[in-house]
Amino acid sequence: MGSSSRVGIMSAIPPPVPLRLAEVPEDLMQRCMSVPTDPTITPCQHVFCGHCIYRALNASNLCPIDREPCQIHQLQTLAGCTRRIWTGIQVKCGNHDSGCGWTGGIGDYEDHARTTCV
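The text that follows walks through the structure, step by step, so that each part is easy to find.

One turn of the α-helix equals 3.6 residues, which is why residues spaced by three or four share an orientation. Within the span of helix α2 (residues 50–59), buried status applies to Gly50, Cys52, Ile53, Ala56 and Leu57. For α2, the buried positions fall inside an angular range of 165° around the axis, keeping them on one side. Exposed residues on α2 whose side chains face more than 90 degrees from its buried face are Asn58 and Ala59. Turning to α2, the residues buried within the fold contact β2 (39–41) and β3 (47–49).

Turning our attention to the pattern of salt bridges. Per the counting criterion, the structure on display carries 1 salt bridge. We note a salt bridge from aspartate 111 to arginine 114, for which the minimum N-O separation is 2.2 Å. Within this pair, aspartate 111 and its partner arginine 114 are both found in helix α4 (residues 109–115), separated by 3 residues, close to a single helical turn. On the basis of relative accessible area, aspartate 111 is assigned to the partly exposed category, the value being 40%. Arginine 114 sits in the partly exposed class, given a relative accessible area of 37%.

On the basis of which strands lie adjacent, the open sheet formed by 3 strands has the order β1-β5-β6 and antiparallel pairing. Unpaired on one side and paired on the other, β1 (17–18) and β6 (103–105) mark the two borders of the sheet. Bridging between β1 and strand β5 (residues 90–92) involves 2 bridges; their strand directions are antiparallel. From the neighbouring strand, valine 17 faces β5, where its bridge partner is lysine 92.

This part is about the sheet that holds β2. Taking strand neighbours across the sheet as the criterion, the 3 strands line up as β3-β2-β4 in an open arrangement whose pairing is antiparallel. Looking at the sheet topology across the chains shown, the edges are occupied by β3 and β4 (76–77). Looking at chain direction, β2 and β3 are connected through 3 bridges and run antiparallel. The partner of threonine 40 across the bridge, within β3, is phenylalanine 48. Strand contacts of α2: β2 and β3, with the helix running at about 100° to β3, the strand carrying the most contacts.

Okay, the packing of aromatic side chains next. This structure, assessed with the given rule, holds 1 aromatic pair. Look at tryptophan 102 and tyrosine 109: their rings are 5.7 Å apart centre to centre, the planes differ by 50°, and that puts the pair in the tilted class.

This next bit is on the nonpolar core. Of all hydrophobic cores here, the largest spans 8 residues; its members are Val35, Ile41, Val47, Leu78, Trp86, Ile89, Val91 and Ile106. Ignoring anything within four residues of it in the chain, the contact list for valine 91 reads Pro16, Val17, Pro18, Leu19, Trp102, Thr103, Gly104, Gly105 and Ile106. The next biggest cluster of nonpolar side chains, apart from the first, holds 6 residues, and it includes Phe48, Ile53, Cys63 and Leu75.

A few words on the environment of arginine 114. Note: C-alpha distance between arginine 114 and isoleucine 13 (101 residues apart in sequence) is 9.4 Å. Within polar-contact distance, the side chain of arginine 114 engages the side chain of aspartate 111 at 2.2 Å.

So, how was this worked out
- Residues numbered from 1 in each chain as written.
- Predicted model: local features only at pLDDT ≥ 70, side-chain atom pairs only at ≥ 80, totals over all residues.
- Heavy atoms only, no water.
- Buried < 20%, exposed > 50% of the residue type's maximum accessible area, 1.4 Å probe, protein only.
- Helix = DSSP H or I, 4+ residues; strand = E, 2+ residues; numbered from the N terminus.
- Arc of directions from axis to C-beta.
- Contact = heavy atoms within 4.5 Å.
- Salt bridge = Lys/Arg side-chain N within 4 Å of Asp/Glu carboxyl O.
- Pairing = 2+ DSSP bridges.
- Axes fitted to C-alpha atoms, helices over the stretch in contact; angles between N-to-C directions.
- Phe/Tyr/Trp six-rings, centres within 6.5 Å; stacked < 30°, edge-to-face > 60°.
- Core = buried A, V, L, I, M, F, W, Y, C linked by side-chain atoms within 4.5 Å.
- Polar contact = N/O pair within 3.5 Å; in protein donor to acceptor, adjacent residues only side chain to side chain.

What follows is the structure in structure tokens.
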């Protein structure tokens, strides 16, 4: 699935909520106040959800955190061990207030949101 269609799906439902907030570094939630399901790294090593950082860089080629120069082609996704650790962060569905009882790894959230969310 392309990133533009994934962004459409993920913007249609609330973002996941961490079960243990201590697992998520607080600076990861500064831009959109949610845990990124598609973490994207800037050259200055800040992590954002893909949707937020693409939108920010379309407005200004500066990192929203430290204002360092940053262009879209310089962004990277998490890979390897870092990706495996990230996808294991435990979250609950953003629709938990509406009765959805799903919990799981953040790496499984998009599938849940697409297929089984109430």
